[in-house]
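# Results of the structural survey
This is what each chain is made of:
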Amino acid sequence: MICERHSPPLAPFFQEYNISKLTPEKVAHTIIERVLQFGDRAEIEWPFGVYAQEQVTAWVKRFGKDKLPQPHRELLEIVLLNN
């Protein structure tokens, strides 16, 4: 489950879900998407402590242009895709 004790408060990103039942392994796509879409700086760092950078980078490559708002998309593309 997404443990609020060990993460920024992410519950607002998952209002239609029972957050206590979300497991990072089973719903990685949704968790990465919501946190990168709606998160602030600290929240955007959180997925990198839970998932491999390659997994987050793959998500940004595949879905970033359609799912991420500016400036999040531009920042993540610079940091993850231009290395």
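Heads up: the structure comes first, above all this text.
The structure reproduced in this document is the subject of the present report. (Residues numbered from 1 in each chain as written. Predicted model: local features only at pLDDT ≥ 70, side-chain atom pairs only at ≥ 80, totals over all residues. Heavy atoms only, no water.)

Attention shifts here to the nonpolar core. Judged by nonpolar contacts, the single largest core of 19 residues is most densely connected at F14, L36 and L76. Those elements giving two or more residues to this core turn out to be α1 (28–38), α2 (41–50), α3 (53–67) and α4 (72–81). (Core = buried A, V, L, I, M, F, W, Y, C linked by side-chain atoms within 4.5 Å. Buried < 20%, exposed > 50% of the residue type's maximum accessible area, 1.4 Å probe, protein only. Helix = DSSP H or I, 4+ residues; strand = E, 2+ residues; numbered from the N terminus.)

Looking now at the side chain of E33. Within the secondary structure, E33 sits in helix α1. By relative accessible area, which is 14% here, E33 ends up buried. When neighbours within four sequence positions are excluded, E33 is seen to be in contact with W59 and K67. (Contact = heavy atoms within 4.5 Å.)

Right, let's talk about the pattern of salt bridges for a bit. Between side chains of opposite charge, pairing is possible as soon as their charged atoms come close. Using the criterion set out here, one finds two salt bridges in the structure. The closest approach of N and O atoms between R34 and E16, which form a salt bridge, is 2.5 Å. Of this pair, R34 sits in helix α1 while E16 sits in the segment before α1, and the two are 18 residues apart along the sequence. Judged by relative accessible area, R34 falls into the buried class, the value being 15%. We note a salt bridge from E33 to K67, for which the minimum N-O separation is 3.9 Å. (Salt bridge = Lys/Arg side-chain N within 4 Å of Asp/Glu carboxyl O.)

This brings us to the packing of aromatic side chains. Within a pair of aromatic rings, the relevant descriptors are the distance that separates the centres and the angle that separates the planes. For the structure on display, the rule yields three aromatic pairs. Look at W59 and F63: their rings are 5.6 Å apart centre to centre, the planes differ by 40 degrees, and that puts the pair in the tilted class. Taken as a pair, W59 and F63 lie in helix α3 at a separation of four residues, close to a single helical turn. (Phe/Tyr/Trp six-rings, centres within 6.5 Å; stacked < 30°, edge-to-face > 60°.)

Between α1 and α3, the least distance of the axes is 11 Å, while the angle of their chain directions is 60 degrees. In this structure, α1 crosses over α3, and the sense of that crossing is right-handed. Of α3, the residues touching α1 (which contributes A28, H29, I32, E33, L36 and Q37) are Q55, V56, W59, V60, F63 and K67. Partitioning the contact of α1 with α3 into residue classes produces seven nonpolar, three polar and two charged. (Axes fitted to C-alpha atoms, helices over the stretch in contact; angles between N-to-C directions. Left-handed = near helix turned anticlockwise from the far one by under 90°. Nonpolar A, V, L, I, M, F, W, Y, C, P; charged D, E, K, R; others polar.)

A separate point is the environment of G64. Considering the arrangement of structural elements, one finds G64 in helix α3. Non-local contacts of G64, meaning those with residues more than four positions away in its chain, are made with W59 and R73.

At their nearest, the axes of α3 and α4 sit 10 Å apart, and the two run at 135 degrees to each other. By the criterion of interaxial angle, the relationship of α3 to α4 is oblique. In the packing of α3 onto α4, the handedness of the crossing is left-handed. Facing α3, whose interface residues are Q53, V56, T57, V60, K61, G64 and K65, α4 presents R73, L76, E77, L80 and L81. (Parallel < 35°, antiparallel > 145°, perpendicular 65-115°, else oblique.)

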